[in-house]
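The lines below spell out each chain.
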Amino acid sequence: MSDFIYKITLIGDGAVGKTSLINKFVKNSYSEAYIRSLGMRPSSKEVKIENNRINLIIWDIQGQKGYEHTHYHAFKNARGSLCVYDVTQPETFENLKDYWVPRFYEVSTKDNSKNPSVLILGNKSDLITPDQKQEEECKLDRLLDETNIVGFLTSAKTGENVEKAFTMLTEMIYKGIMPNINLSSLSCKTQETDDIKETLDKIMTIYMGHPGETTINHVISEQMKISSIDPEHPTIEQILEFTAGMEIILRHSDYFRANKQEIEKLTGKLKRKKMGI
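(A) Expanded view of the overall build of the protein. In terms of regular secondary structure, the protein is built from nine helices and six strands. In summary, the protein has a C-alpha radius of gyration of 19 Å against a globular reference of 19 Å for 277 residues, a match within 12%. Structurally, the protein occupies a C-alpha span of about 55 × 40 × 35 Å along its principal axes. Split into buried and exposed, the 277 residues of the protein put 49% on the buried side.

(B) Representation of the nonpolar core in the model. Judged by nonpolar contacts, the single largest core of 50 residues is most densely connected at I61, F75, Y85, I120, Y207, I220 and F242. Of all hydrophobic cores here, the second largest spans 24 residues; its members include L10, L21, L56 and V162.

(C) Region of the structure containing the pattern of salt bridges. All chains considered together, the criterion is met by 14 salt bridges. Ionic pairing is found between E264 and K260, a salt bridge with its closest N-O pair at 3.9 Å. Here E264 and its partner K260 are both found in helix α9 (residues 254-275), four residues apart, which amounts to about one turn of the helix. For K260, a relative accessible area of 29% puts it in the partly exposed group. Here the residues in one salt-bridge network are E247, K260 and E264, joined through shared partners.

(D) Region of interest: the pairing of strand β5 (residues 117-123). The element β5 is largely enclosed, with a buried count of seven among its seven residues. The alternating pattern of β5 places S117, L119, L121 and N123 on one face and V118, I120 and G122 on the opposite face, and all of these are buried.

(E) Examining the environment of E262 more closely. Note on placement: E262 falls in helix α9. According to the relative accessible area criterion, E262 is partly exposed, its value standing at 37%. For the pair E262 and I203, spaced 59 residues apart in sequence, the C-alpha separation works out to 8.6 Å.

(F) Representation of the sheet that holds strand β1 (residues 4-11) in the model. As summarised here, the arrangement of the six strands in space is β2-β3-β1-β4-β5-β6, forming an open sheet in which the pairing is mixed. Looking at which strands have only one partner, the edges of the open sheet turn out to be β2 (40-49) and β6 (150-153). The sheet shows a mean angle of 25 degrees between the axes of neighbouring strands, taken without regard to direction. Of the strand pairs in this sheet, β1 and strand β4 (residues 80-86) are connected by four bridges, and their pairing is parallel. When the sheet's bridge partners are listed, T9 is paired in β4 with S81. The sheet contacts of helix α1 (residues 18-27) involve β1, β2, β3 (52-61), β4 and β5, and relative to β3 the element is tilted by about 155 degrees. In the packing of helix α5 (residues 162-174) onto the sheet, the strands contacted are β1, β2, β3, β4, β5 and β6, and the crossing angle to β5 comes to about 170 degrees.

(G) Looking closely at the side chain of T170. Positionally, T170 belongs in helix α5. Look at T170 and you get buried, because its relative accessible area is 1%. Excluding residues that lie within four positions of it along the chain, T170 makes contacts with Y6, V47, I49, I54 and L56.

(H) Highlighting a negative patch on the surface. On the surface, a cluster of negative charge is made up of E137, D141, D145 and E146. Here D145 lies in helix α4 (residues 130-147).

(I) The arrangement of the pairing of β6 in detail. Bridge count between β5 and β6: four bridges; the pairing is parallel. Residue pairing for β6: L119 is matched across the bridge by V150.

(J) Spatial organisation of the packing of helix α6 (residues 195-208) against α9. Between α6 and α9, whose axes approach to 10 Å, the crossing angle comes to 170 degrees. By the angle class used here, α6 and α9 are roughly antiparallel. Every residue of α9 that contacts α6 at D195, I196, T199, K202, I203, I206 and Y207 is listed here: Y255, F256, N259, E262, I263, L266, T267, K269, L270 and K273. Classifying every residue of the contact of α6 with α9 by side-chain character gives nine nonpolar, three polar and five charged.

(K) Fine view of the side chain of N95. Along the polypeptide, N95 turns up in helix α3 (residues 90-110). Looking at N95, the relative accessible area reads 15%, which means it is buried. With residues near it in sequence (within four places) discarded, N95 still touches D13, K65 and W100.

Calculation rules
Residues numbered from 1 in each chain as written. Predicted model: local features only at pLDDT ≥ 70, side-chain atom pairs only at ≥ 80, totals over all residues. Heavy atoms only, no water. Helix = DSSP H or I, 4+ residues; strand = E, 2+ residues; numbered from the N terminus. Rg over C-alpha atoms; globule rule 2.2 N^0.38 Å. Buried < 20%, exposed > 50% of the residue type's maximum accessible area, 1.4 Å probe, protein only. Core = buried A, V, L, I, M, F, W, Y, C linked by side-chain atoms within 4.5 Å. Salt bridge = Lys/Arg side-chain N within 4 Å of Asp/Glu carboxyl O. Pairing = 2+ DSSP bridges. Axes fitted to C-alpha atoms, helices over the stretch in contact; angles between N-to-C directions. Contact = heavy atoms within 4.5 Å. Patch = residues over 30% accessible without salt bridge, like charges linked within 9 Å, V, L, I, M, F, W, Y side chains within 5 Å. Areas by Shrake-Rupley, 256 points an atom, 1.4 Å probe, with all protein chains shown as cover. Lys, Arg positive; Asp, Glu negative; His and termini not counted. Charge placed at Lys NZ, Arg CZ, Asp CG, Glu CD. Parallel < 35°, antiparallel > 145°, perpendicular 65-115°, else oblique. Nonpolar A, V, L, I, M, F, W, Y, C, P; charged D, E, K, R; others polar.

In structure tokens:
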């Protein structure tokens, strides 16, 4: 039995390697194949800090933009976050500063008496040259000066600093090391979305409120996969198939019955849009 349970998140744009980092840490496995995260997939691993057993509940956060409601739900009550960017894609670093970090900090402090612990990870360091590594490290040093957030390079492929990242974040939470982040140099920009994506975002958020947080998020993720939903460009047909599948699974749930009318209202909006009404 664990002495402590900490919820942490891995956040950042899609395809920066969040799932690969989790798989390397939890399962010591790595795959070159890119598997897009659908919904929010929690994993867990026990970590020992000063002879205390800490169960990390690790949330792999869908990295597509336009899902502010589901991101808000996933960030609630998180004790810390590994904020990941791809060192080969400079815009993913900027998006950490412009959305992911300030949004996470805003939500996680709202209903939490303690500030979250945060680290920045420049992932896929195996794909850049030693000179480029030095440039990235200088960039992370500048970010530390500007925001008071520590960052370093990682590689899910080679394992570089992966164990260090999860262990360091756990120690920070355990020891109450919560840097006073300077948010003035960061700006939380509103994400672009559309009617279809926004409706899916709202539907997913309703399902995520179901009792049994870990189990329901696995169910949501699997049903999205079965329905072939592309979170970047979801279609009305995919969303209707998704909600029909979720209804079959949850039809005997009191929570689902209490929220069924709201879900039907949202799917009805999609059906009218499909018919051009």
